[in-house]
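Examining the three-dimensional arrangement
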Amino acid sequence: MPAPSAPWWRDAVFYQVYVRSFADSDGDGLGDLPGITSHLRYLRDLGVDAVWITPFYPSPQHDAGYDVSDYTGVDPLFGSLGDVDDLLTRAHRLGLKVVVDLVPNHTSVEHAWFRAALDAPAGSPERARYLFRPGKGRGGARPPNNWSSVFGGPAWSRIHDGQWYLHLFDATQPDLDWSNPEVAAMFDDVLRFWLDRGVDGFRIDVAHGLAKDRSLRNQRGRRSGETDLPSDRQGSMVERRDVDEPMWDQPGVHDIYRSWRRLLDTYDGDRMAVAEAWTRTPESMARYVRPDELHQAFNFAWLLAPWSAAAFADVIRGTLDAVRPVGAAPTWVLSNHDVVRHPTRYGGGHRGLARARAATLTMLALPGSAYLYQGEELGLEEVDVPPEFRQDPVWFRTGGVGRDGARVPMPWRGTHSPYGFSRAGTTPWLPMPDDWARLTVAAQRRDPASTWSFYRDALRARRRFADAGEDVEIVDGRATVLEVRRGPLTVVCNCGPRPARLPPGTVVLTSGPLDGHLLPPDTAAWVACA
Ligand code: GLC
């Protein structure tokens, strides 16, 4: 169990704010920092402990800000450094921690370093901050190796003088060469810059990608340019332990995080960092949270699991077994801005929402920390964004797969778009569905049976069990029902087709109505046992 003196992040509930879709204060159709600040009380009332804000740095926005051109500035689209300061002050006053996104794997093509690299000759120190290489074949016309971009297509693009540069994501996101000490030194300064301003931590983008196999050798078992979409990569994460990936999860990344840990530890206030590392196994995930490395790593295993008690039990067991030996606490997450929202993943409609609420209630009963994605407290589903409004580079590189559907702006109030997200009459950056009036925050706050009220109640109840400890027992025996005991709290999640019996005790909270004393299918309950 966490010691009474455990750091705040160990069991915190984080709320992910996708900045461009949260709240627009200036009427340009894009969310911004003052929009977040004016809704911090909303987050406090909902009951979260911390806010993770996606990138707001200067950027040409080819990948919604994950293509950074200046790591210590603020894009005028989102506000100013003064707005960051205001946000931090207000959040801290309300008792909320603030985590910002750090994108160290790649810069934007508009970063001063990449511009200088294009102007400098092959072999120059300017080029050595990135991964420039000559091509293969006659005239160097073929890419240096067979690696694919996560966003589809080859991971290499060619420049004016014939050299190629590596980009594991979009062509506008050149990968940095982390074996170059200049790169590490620059990011030390970036970390210090934001820590000095008062941020409580960082979410490390693509944390498993920074170190590549030094030889940049071919990936075995794949053809050049073969598409490796996030969904493919993620879908096969746990099962394919044997896969050859010279670009991901290389031992060298851990030296970087050890050095960041030393830097973070020079600050007061339990500053933290969480790795976005799409690793293949729970054990490799746990390597990022060894005592001298990062504090947390996203545990994507549940998000990838089907609706199944056995699968959930496997995820819980696998996660806890992996983090226990390194003394870390687990993290849990069901949705984020890169994946299909969980009510839709679970089938959509009434059943999808019921399952999503049940999964959320189960997740919130577990030890460790949980990450929520904005809008999930409203039960929002993935939106089918029409092709002409699509913005995600993945959509364009794959011709048909994209993440915009999870990124549609938040509906706050009112009966039609932009539902209080922006000033009336403004066109939001992604169109908002016509039938969201009943899903707005204002509508749901009035309704005690709404998904919003359920989240608020669950977060409140979670605080009552803060001392329940970190040991859990998975009560086996009923293949379609997951039952997990954690100290005085038992959570039961019915993934099967028939109503299930609840263990003796007092029902604290359910994700949907009970059927007499029975737990209906697609429903979870917390039971306090004497
Ligand atoms: C991470 C982000 C994603 C982004 C990618 C490249 O996976 O979550 O949104 O596109 O990194 O930076």
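Quick summary incoming for the structure in this document. (Residues numbered from 1 in each chain as written. Predicted model: local features only at pLDDT ≥ 70, side-chain atom pairs only at ≥ 80, totals over all residues. Heavy atoms only, no water.)

1. Some words on the environment of Pro521
Applicable threshold: In DSSP terms, a helix is any run of H or I states spanning at least four residues, a strand is any run of E spanning at least two, and both are numbered starting from the N terminus. Working definition: with a 1.4 Å probe on protein chains only, accessible area under 20% of the residue-type maximum means buried, over 50% means exposed, and in between means partly exposed. The contact rule is simple, with two residues in contact once any of their heavy atoms fall within 4.5 Å.
Take Pro521: it is sitting in the loop between strand S17 (518–519) and strand S18 (523–528). Its relative accessible area of 26% is what places Pro521 among the partly exposed residues. Along the primary structure Pro521 and Ala171 are separated by 350 residues, whereas in three dimensions their C-alpha atoms are 46 Å apart. The contact partners of Pro521, leaving out residues within four places of it in the chain, are Asn494, Gly496, Pro497, Arg498 and Pro499.

2. What to know about the pairing of strand S14 (residues 489–494)
This is how the line gets drawn: One bridge is not enough; two strands pair if DSSP finds at least two bridges between them.
With six of its six residues buried, S14 lies for the most part within the structure. The alternating pattern of S14 places Leu489, Val491 and Cys493 and Thr490, Val492 and Asn494 on opposite faces, both of which are buried. Strand direction decides the pairing type here: strand S13 (residues 481–486) and S14, joined by six bridges, are antiparallel. Along S14, the bridge assignment pairs Val484 with Val491. If you look at the hairpin formed by S13 and S14, you'll find two residues sitting between the two strands, and Gly487 has a positive phi there, around 55 degrees. Relative to S18, S14 is paired through six bridges, and the arrangement is antiparallel. Across the sheet, residue Thr490 finds its bridge partner in S18, namely Val527.

3. Focus: the packing of aromatic side chains
The relative placement of two aromatic rings is captured by the distance of their centres and the angle of their planes. What counts is decided by this rule: Only Phe, Tyr and Trp rings are paired, with Trp represented by its six-membered ring, and only when their centres lie within 6.5 Å; those with planes under 30 degrees apart are stacked, over 60 edge-to-face, the remainder tilted. Two thresholds decide whether a charge sits over a ring: the Lys NZ or Arg CZ must be within 6 Å of the ring centre and within 35 degrees of the ring normal.
Scanning the model with the defined rule gives 33 aromatic pairs in all. Ring centres 4.9 Å apart and planes at 85 degrees place the aromatic pair Phe193 and Trp194 in the edge-to-face group. Judged by its relative accessible area of 24%, Phe193 falls in the partly exposed class. Its relative accessible area of 0% is what places Trp194 among the buried residues. Ring geometry for Phe454 against Tyr455: centres 5.7 Å apart, planes inclined by 85 degrees, an arrangement best described as edge-to-face. Per residue, the accessibility class of Phe454 equals that of Tyr455, and both read buried. By way of ring pairs, the aromatic residues Trp8, Phe14, Trp52, Trp278, Phe298, Phe300 and Tyr371 are connected into one cluster. Over the aromatic face of Trp429 sits the side chain of Arg20, whose NZ or CZ is 4.5 Å from the ring centroid. Positioned over the ring face of Tyr346 is Arg345, at 5.8 Å from the centre of the ring.

What is shown is where atoms sit, not what they do.
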